[in-house]
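Below are the chains, spelled out letter by letter.
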Amino acid sequence: MTDDAITPEASPAKPRGWRTQSGDSLPEVFRSIPIPRDARFWTKMGAFSGPGYLVAVGYMDPGNWATGLAGGSQFGYTLLSVVLLSNVMAILLQGLAAKLGIVTGRDLAQACRDHYSRPVGFMLWVACELAIIACDLAEVIGTAIALQLLFGIPLVWGVVITAFDVLLILLLQQRGFRKLEAFVIALLIVIGVCFAVELALAQPAIGDVLRGYIPTAQVVTNPAMLYVAIGILGATVMPHNLYLHSSIVQTRAFERDERGKREAIKYATLDSTIALMLALLINSAILILAAATFHTAGRTDVAEIGDAYQLLAPMLGVGVASTLFAVALLASGQNSTITATLAGQIVMEGFLRIRLPAWQRRLITRLLAIIPAVTVAALYGDSGTAQLLVFSQVVLSMQLPFAVIPLVAFTSDRAKMGGFANRPALKWAAWIVAAVIVTLNVKLLIDFATMI
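In this text, all values refer to a predicted model and were calculated from it rather than measured experimentally.

So, how was this worked out
- Residues numbered from 1 in each chain as written.
- Predicted model: local features only at pLDDT ≥ 70, side-chain atom pairs only at ≥ 80, totals over all residues.
- Heavy atoms only, no water.
- Core = buried A, V, L, I, M, F, W, Y, C linked by side-chain atoms within 4.5 Å.
- Buried < 20%, exposed > 50% of the residue type's maximum accessible area, 1.4 Å probe, protein only.
- Helix = DSSP H or I, 4+ residues; strand = E, 2+ residues; numbered from the N terminus.
- Contact = heavy atoms within 4.5 Å.
- Disulfide = S-S within 2.5 Å.
- Expected span 1.5 Å × (residues − 1).
- Phe/Tyr/Trp six-rings, centres within 6.5 Å; stacked < 30°, edge-to-face > 60°.
- Lys NZ or Arg CZ within 6 Å of the ring centre and 35° of its normal.
- pLDDT = per-residue confidence, 0-100.
- Axes fitted to C-alpha atoms, helices over the stretch in contact; angles between N-to-C directions.
- Parallel < 35°, antiparallel > 145°, perpendicular 65-115°, else oblique.
- Left-handed = near helix turned anticlockwise from the far one by under 90°.
- Salt bridge = Lys/Arg side-chain N within 4 Å of Asp/Glu carboxyl O.

Novice: Lay out the nonpolar core with the relevant residues and their values.
Specialist: L79, F195 and F325 are the most contacted members of the largest nonpolar core, which totals 126 residues. Take this core: its biggest share by element is 17 residues, from helix α14 (residues 258-293). With near-sequence residues (within four places) excluded, F195 lies in contact with W65, I282, A285, I286, L289 and A328. Counting 5 residues, the second-largest nonpolar core is a separate cluster that includes A131, A134, M238 and L396.

This is how it looks when you write it as structure tokens:
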């Protein structure tokens, strides 16, 4: 370690506002990445960059593809406003998650365990585990579909094959956290390039695209549109990402005085904001591609990834269009696997203080997702898995309040955050976001109840 870098150090004493001392989050990589002292902006930005891209992965996983395709083909560009709103919410919430981890030295799961009673903490853990399983379910199905499209592997066997990606995770983790971040960013570049080519081929109407970002009341008043919109919200603002981000920002060995924490918050927020703007572009591209290719041609029934793959090449007139679509889907599924693994470890260790080897934690989560995916694939085929994919994103959305409300409450609490507590404007903005999320979910439950 050079003299101009901040070296890792032991965990600080119990901060005020908390009942117990918390252990290190992700101890194997905790404060493992040095931050250079007195360096220029871009040097420090480079040192802090990385966690935001791991978080952004969860905002463009295969679940986003299902909801984006359904929204674009059925409703054209209208739901672009929901994609934009979801991304703004995500930027705000992920900034709060990073601040919580940097200021308190504990991730969101550890904070919940410390603050709430055991029954409440257990309930929050169950809710978060359901969210991770739902997310993993989307990755399983998305990866299996990509394998089927690219190599002709039957859907059931593709689902089974996904169980072995645990070996990839172990290999990356053994090579260090920076290598893992580099791998994730490389796959993000692949996804971005694929969609850039797809949009160039689709040639969407720019005016219609821009108008799509303007909110309309129809999103809330139309039950079918609301269902897909909440799916987009669930696919975009991921509850497990809040736990993940509050942990992985602590891989940086920043100074722990007030100046060091404020600097870390600034760079971590910039990192996640830039990364989430990339996620916005890719999520928008999925919906725009569906709207420009299918909706404008009257194919409002295209809601399945397999159908989109089959139709892209003939409708765009270029054979490589379908291949690029499947390659991006495979990269998306593999990328999301990494973040779900880390989130699962953080949640289990933070809530229950149970440490399992990475391969065991990954295998447990993956098997819980594989069982329903294999069952649905075997019984109902492609259409059943497509519906399961969209439903998994609605399940994710239903879990959001259980992560968002504690996060906003903790970061607004001066006893816990000291001078870093949310200022009034930020505090009210955060509570408005939480209220919007809760309101949309209540509306969805009412709609479900009336349809039964």
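Let's pick the thread back up.
Novice: Residues and numbers for the state of the cysteines, please.
Specialist: Scanning the entire structure with this criterion turns up 0 disulfides. Free cysteine: C112, not disulfide-bonded; nearest cysteine sulfur from C128 at 8.7 Å. Assessed through its relative accessible area of 0%, C112 is described here as buried.

Novice: Tell me about helix α9 (residues 177-202), residues and numbers included.
Specialist: Along its 26 residues, α9 runs 38 Å from first to last C-alpha, staying within 8% of the 38 Å computed at 1.5 Å per residue. Along α9, the residues that are buried comprise F177, L180, E181, V184, L187, L188, I191, C194, F195, E198 and A202. Directly after α9, the chain includes Q203, whose backbone phi takes a positive value near 50°.

Novice: Lay out the packing of aromatic side chains in plain terms, naming residues and giving numbers.
Specialist: Each aromatic ring pair is characterised by the separation of its centres together with the angle its planes make. One pass over the full model with this rule turns up 7 aromatic pairs. Considering the side-chain rings of Y116 and F410, the 5.8 Å spacing of their centres and the 45° angle between planes classify their relative orientation as tilted. Pair noted here: Y116 is in the loop between α5 (108-115) and α6 (118-151) and F410 is in helix α17 (residues 358-411), with a separation of 294 residues, a long-range link. Of the residues examined, Y116 reaches a relative accessible area of 22% and is grouped as partly exposed. Here the aromatic rings of F122 and W125 are separated by 5.5 Å at their centres, their planes lie at 45°, and the arrangement is tilted. Taken together, the residues F122 and W125, both in helix α6 and 3 residues apart, mark about one turn of the helix. The ring of F420 has R262 sitting right over it, with the charged end atom 4.4 Å from the ring centre.

Novice: Could you give me a rundown of the confidence of the model for the protein chain, with the residues and numbers involved?
Specialist: Across the protein chain, the average pLDDT comes to 82, with 86% of residues at 70 or higher. Of the regions scoring below 50 in pLDDT, residues 1-13 engages in 34 contacts with residues more than four places distant in sequence or in other chains.

Novice: Describe the side chain of T339, with residues and values.
Specialist: On the secondary structure map, T339 appears in helix α16 (residues 320-352). The class for T339 is buried, based on a relative accessible area of 0%. The contacts of T339, once residues within four sequence positions are left out, are L54, V57 and L244.

Novice: Hey, could you go over the packing of α5 against α16 for me, with residue numbers and the actual values?
Specialist: One way to put it is that α5 packs onto α16 with a least axis distance of 7 Å and a crossing angle of 20°. In terms of axis orientation, α5 runs roughly parallel to α16. Crossing of α5 over α16 shows right-handed handedness. Residue-level inspection shows A109, Q110, C112 and R113 of α5 in contact with α16, the latter providing I346, V347, G350, F351 and L352.

Novice: Describe the environment of L352, and please don't skip the residues or the numbers.
Specialist: Relative to the assigned elements, L352 resides in helix α16. In this structure L352 comes out as partly exposed when scored by relative accessible area, which is 27%. Taking the C-alpha atoms as reference points, L352 and Q110, 242 residues apart in sequence, are found 8.9 Å from one another. Excluding anything up to four places from it in sequence, L352 contacts R113, W125 and V347.

Novice: Run through the pattern of salt bridges, naming residues and quoting values.
Specialist: Taken as a whole and judged by the stated rule, the model has 9 salt bridges. Of the charged contacts, one joins E181 and R252 as a salt bridge, the two residues approaching to 2.9 Å between their closest N and O atoms. Within this pair, whereas E181 is found in helix α9, its partner R252 is found in strand β3 (residues 252-253), the two being separated by 71 residues in sequence. Judged on exposure class, the residue E181 and its partner R252 are both buried. The salt bridge partner of D413 is K416, with a shortest N-O separation of 3.6 Å. Look at D413 and you get partly exposed, because its relative accessible area is 24%. What emerges from the salt-bridge pattern is a single network uniting R37, E255 and R259.

Novice: Please set out unusual backbone geometry residue by residue, giving values where relevant.
Specialist: Positive phi, normally seen in glycine, also occurs at D38, with a value near 50°. Examined against the element boundaries, D38 turns out to sit in the loop between β2 (33-36) and α1 (41-48). Using a relative accessible area of 72% as the deciding quantity, one classes D38 as exposed. Even without being glycine, Q203 reaches a positive phi, approximately 50°. Secondary-structure assignment places Q203 in the loop between α9 and α10 (206-212).

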